[in-house]
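Report on the structure
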Amino acid sequence: MTATTVWRRIGAAGIALGLASFVATTILQWILQSDSPTPGDAVNAHPALWTTASLLAVLGPLVWSAGVAAVTLQIRERGWVLTTIGGTLTGLGLVAGVGHLALYFGLFGDLASAGTDAATVQAVSAADDASEVSTVLLVLFLVGFSLGPIVQTAGLRRARALPVWVPVAALVAAVANFVGGPVAGIVQLLALLATFVPMAVLLLRRES
């Protein structure tokens with residue numbers, strides 16, 4: 001087994017684990033929000049689920065970004081510029097997402113564990129929303145994770161490495177991400193699967 005084969009398998013596993021963590025975290029958040037009006041209530045009502053969602057939300061994007069990098073490195077001729085720009089944006093968005101989600105889950109988890117009263121939690125939440133660090137991380141995550149896959153899949157399509165419908169799926173996922181609501185959330189999950197599963201398949205297919 002060559003080093004190239006190993007890295008391609010690592011990349012495919014990273015994409016698979018990243019997707020799985022995103023789907024699981026989204027479902028867990030729906031469960032947490034269904035009977036808990038605030039994050040503090042969710043932590044107190046479902047501490048184990050909150051911890052699980054926190055770990056998946058932070059660790060998932062890390063391995064996912066490794067998979068995105070592995071795909072990006074596959075294209076070195078036609079389409080490499082778009083693939084590289086898109087892969088860089090996607091990776092940057094995922095890494096920024098680690099910071100954003102760590103702040104969100106960690107902050108509210110710690111406040112709830114400390115027994116902080118509701119007024120203090122609300123004040124800290126407002127301060128966090130106004131924080132420059134939180135704002136930059138959120139913007140980088142939203143822009144990178146929405147625009148990056150569109151550009152990257154366009155480059156991969158130009159390289160004839162992916163079917164024509166994959167960039168369309170990336171566009172649908174980006175739009176659904178900004179719409180909000182459970183229906184849009186389901187559409188986004190399906191569109192992300194349609195976007196990234198072919199990338200994982202591409203890595204495994206190139207072994208042969």
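Check the entry above for the structure.
Residues numbered from 1 in each chain as written. Predicted model: local features only at pLDDT ≥ 70, side-chain atom pairs only at ≥ 80, totals over all residues. Heavy atoms only, no water.

Remarks on the overall build of the protein
So the rule is basically this: Here a helix means four or more residues in a row that DSSP labels H or I, a strand means two or more in a row labelled E, and each is numbered from the N terminus. Computation of the radius of gyration draws on C-alpha atoms, with the globule rule given as 2.2 Å multiplied by the number of residues to the power 0.38. The contact definition used throughout considers only heavy atoms, calling two residues in contact when any of these lie within 4.5 Å. The convention is simple: Lys and Arg are positive, Asp and Glu are negative, and His and the chain ends are not counted. By convention, the point assigned to a charge is CZ for Arg, NZ for Lys, CD for Glu and CG for Asp.
What the protein contains, in helices and strands, is eight helices and zero strands. Counting helices and strands in the order they occur from the N terminus, the protein gives α-α-α-α-α-α-α-α. Here the C-alpha atoms of the protein give a radius of gyration of 18 Å, agreeing with the 17 Å that 2.2 N^0.38 yields for 208 residues. If you line up the protein on its principal axes, its C-alpha atoms span 60 × 35 × 30 Å. Pairs at least 24 residues apart make up 77% of the contacts formed inside the protein by residues separated by at least 6 positions. Here the protein carries 9 positive and 9 negative side-chain charges, and the mean point of each set is 35 Å from the other.

Observations regarding a nonpolar patch on the surface
Worth spelling out the cut-off: Patch membership requires over 30% relative accessible area and the absence of a salt bridge. Like charges are linked within 9 Å, and nonpolar side chains (Val, Leu, Ile, Met, Phe, Trp, Tyr) within 5 Å. To be clear on the numbers: accessible area is Shrake-Rupley with a 1.4 Å probe, and residue cover counts the displayed protein chains and nothing else. Only one rule defines a salt bridge in this text: a Lys or Arg side-chain nitrogen within 4 Å of an Asp or Glu carboxyl oxygen. Categorising residues by exposure relies on relative accessible area from a 1.4 Å probe, with only protein chains included: less than 20% of the type maximum marks a residue as buried, more than 50% marks it as exposed, and the intermediate range marks it as partly exposed.
The grouping of Ile-27, Trp-30, Ile-31, Ile-186, Leu-190, Leu-193, Val-197 and Val-201 at the surface amounts to a nonpolar patch, some 640 Å² of accessible area in total. Elements represented by at least two residues in the nonpolar patch include exactly helix H1 (3-34) and helix H8 (182-205). Of the residues forming the nonpolar patch, the biggest block, five residues, is contributed by H8. With respect to the secondary-structure elements, Trp-30 resides in helix H1. Exposure remark for Trp-30: the relative accessible area of 32% places this residue in the partly exposed category.

Overview of helix H6 (residues 132-158)
This is how the line gets drawn: By this rule the span expected of a helix is its residue count minus one, scaled by 1.5 Å. To get the bend at any residue, fit one axis to the seven residues that end at it and another to the seven that begin at it, then take the angle between the two axes. Here a polar contact is recorded for every N or O atom pair within 3.5 Å, except that within protein the pair must consist of a potential hydrogen donor and a potential acceptor, and residues adjacent in sequence are included only if both atoms are side-chain atoms.
Compared with the 39 Å implied by 1.5 Å per residue over 27 residues, the 38 Å span of H6 between its first and last C-alpha is a close match. The sharpest bend along H6 measures roughly 30 degrees and falls at Gly-148, with the proline Pro-149 sitting one to four residues further on. Residue Ser-131 occupies the N-cap position of H6, its side-chain oxygen lying 3.3 Å from the main-chain nitrogen of Val-133.

Overview of the nonpolar core
So the rule is basically this: Among buried residues, those of type Ala, Val, Leu, Ile, Met, Phe, Trp, Tyr and Cys that are joined through side-chain atoms within 4.5 Å constitute a nonpolar core.
Membership of the largest hydrophobic core comes to 27 residues, with the highest contact counts inside it found for Ile-15, Trp-64, Leu-156 and Phe-196. Among the secondary structure elements, those contributing two or more residues to this core are H1, helix H3 (47-72), helix H4 (80-113), H6, helix H7 (165-179) and H8. Take this core: its biggest share by element is eight residues, from H8. Not counting residues up to four positions away in its chain, the partners in contact with Trp-64 are Gly-14, Ile-15, Gly-18, Leu-19, Phe-22, Leu-94, Phe-145 and Phe-196.

Comments concerning the layout of surface pockets
Test applied: Buriedness for pockets is judged along seven lines, at least five of which must meet protein on both sides within 12 Å for an open set on the 1 Å grid over protein atoms alone, while cavities are sets there where a 1.4 Å probe fits but cannot get out, and lining residues have an atom within 4 Å of a point. Grid points are joined across faces, edges and corners, and a volume is the space filled by probe spheres set on the points. As a working rule, the residues Ala, Val, Leu, Ile, Met, Phe, Trp, Tyr, Cys and Pro are called nonpolar, Asp, Glu, Lys and Arg charged, and the rest polar, with Gly in that last group.
Estimates place the volume of the largest pocket at around 750 Å³. The wall of the largest pocket is formed by 32 residues, among which Phe-22, Thr-26, Gln-29, Asn-177 and Gln-188 lie closest to the centre. Contributing elements (two or more residues each) for the lining of the largest pocket: H1, H3, H4, H6, H7 and H8. By residue number, the principal contributor to the lining of the largest pocket is H1, which donates eight residues. Taken together, the residues of the lining of the largest pocket break down into 19 nonpolar, 13 polar and no charged. Approximately 230 Å³ is the volume attributed to the second largest pocket.

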